[in-house]
Amino acid sequence: MTPKDLTIVIQGPLHKHSLANLERYKRLGKEVLSYWDNFDSSLLSNINLEGVTKVVTPRNISASTYNQQNCYYQFLSSLEGLLAVRSPFAMKVRSDHAIEDISLFIRQFEKAPEKLVCSNLHFRPDKVFKFHCSDKFIMGTTDNLLGTFALAEERCRTDAILL
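About the criteria used
- Residues numbered from 1 in each chain as written.
- Predicted model: local features only at pLDDT ≥ 70, side-chain atom pairs only at ≥ 80, totals over all residues.
- Heavy atoms only, no water.
- Helix = DSSP H or I, 4+ residues; strand = E, 2+ residues; numbered from the N terminus.
- Contact = heavy atoms within 4.5 Å.
- Pairing = 2+ DSSP bridges.
- Axes fitted to C-alpha atoms, helices over the stretch in contact; angles between N-to-C directions.
- Phe/Tyr/Trp six-rings, centres within 6.5 Å; stacked < 30°, edge-to-face > 60°.
- Buried < 20%, exposed > 50% of the residue type's maximum accessible area, 1.4 Å probe, protein only.
- Core = buried A, V, L, I, M, F, W, Y, C linked by side-chain atoms within 4.5 Å.

1. Quick notes on the side chain of Thr142
1) Next: Structurally, Thr142 can be placed in helix α5 (residues 142-157).
2) Next: Discounting chain neighbours no more than four positions away, the residues touching Thr142 are Leu82, Val85, Ser87, Pro88, Phe89 and Ala90.

2. A look at the sheet that holds strand β4 (residues 89-94)
1) Next: With respect to topology, six strands assemble into an open sheet ordered β3-β2-β1-β4-β6-β5, the strand pairing being mixed. The sheet is open, and its two borders are formed by β3 (52-57) and β5 (117-118), each paired with just one other strand.
2) Next: With six bridges connecting them, strand β2 (residues 30-36) and β3 associate as parallel partners. Within β3, the residue paired with Tyr35 across the bridge is Val56.
3) Next: The sheet strands contacting helix α4 (residues 103-111) are β1 (6-11), β4, β5 and β6 (137-141), and the helix crosses β6 at an angle near 35 degrees.
4) Next: The strands that α5 touches are β4 and β6; relative to β6, the one it contacts most, it runs at about 120 degrees.

3. Points about the packing of aromatic side chains
1) Next: Counting across every chain of the model gives five aromatic pairs.
2) Next: Between Phe89 and Phe109, the aromatic rings sit 5.4 Å apart at their centres with planes inclined by 75 degrees, giving edge-to-face as the arrangement. With Phe89 in strand β4 and Phe109 in helix α4, this pair connects stretches of sequence that are 20 residues apart. Both residues of the pair, Phe89 and Phe109, belong to the buried class.
3) Next: Taken together, the ring pairs in this structure connect Trp36, Tyr72 and Tyr73 into an aromatic cluster.

4. Focus on the environment of Met1
1) Next: Summarising the element assignment, Met1 is placed in the segment before β1.
2) Next: Using a relative accessible area of 37% as the deciding quantity, one classes Met1 as partly exposed.
3) Next: Separated by 109 residues in sequence, Met1 and Glu110 place their C-alpha atoms 7.8 Å apart.
4) Next: Sequence-distant contacts of Met1, that is, excluding residues within four places in its chain, are made with Leu6, Phe89, Ile106, Phe109, Glu110 and Met139.

5. Observations regarding the nonpolar core
1) Next: Within the largest apolar cluster, 23 residues are counted, with the highest numbers of intra-cluster contacts made by Ile8, Leu33, Met91, Val93, Ile102 and Phe137.
2) Next: Every element with two or more residues in this core is listed here: β1, α2 (22-26), β2, β4, α4 and β6.
3) Next: Aside from chain neighbours lying at most four places away, what touches Ile102 is Ile8, Tyr25, Leu28, Met91 and Phe137.
4) Next: With 18 residues, the next largest nonpolar core counts Val32, Ala90, Leu145 and Cys156 among its residues.

Set out below in structure tokens:
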């Protein structure tokens, strides 16, 4: 996989951890910074954003939207960031986490590119919480990730979270 094939979507409220990783991520692929509109703009003042696509997601939702632990905001800003991706593969990372070396994830993904690869941090087995993958890091084809986050966003927006 070459850097032109991959876009890294950094999702969530602006945070010093992910912003510190921007230069490292640039070596791996294109970058999309998809953040919430109530951000601390001072965090961007000394950051090189050349070549980084910025997507700002509003934090206003209806009272009927399911948003436990900000899951709707996460799904929406992930989806909005993924809509800006123009490469065949994408990786979504949370803005409040720093991943030093993501080459292991890339190697795992390359073994089965039709599947989604995620970290095991906060991964829940089906018997505990069905279909609860880790939200810290997830990688797949851009189309697979778009479908995944579009469905999750719709389920929260329409309060149809239960299967």
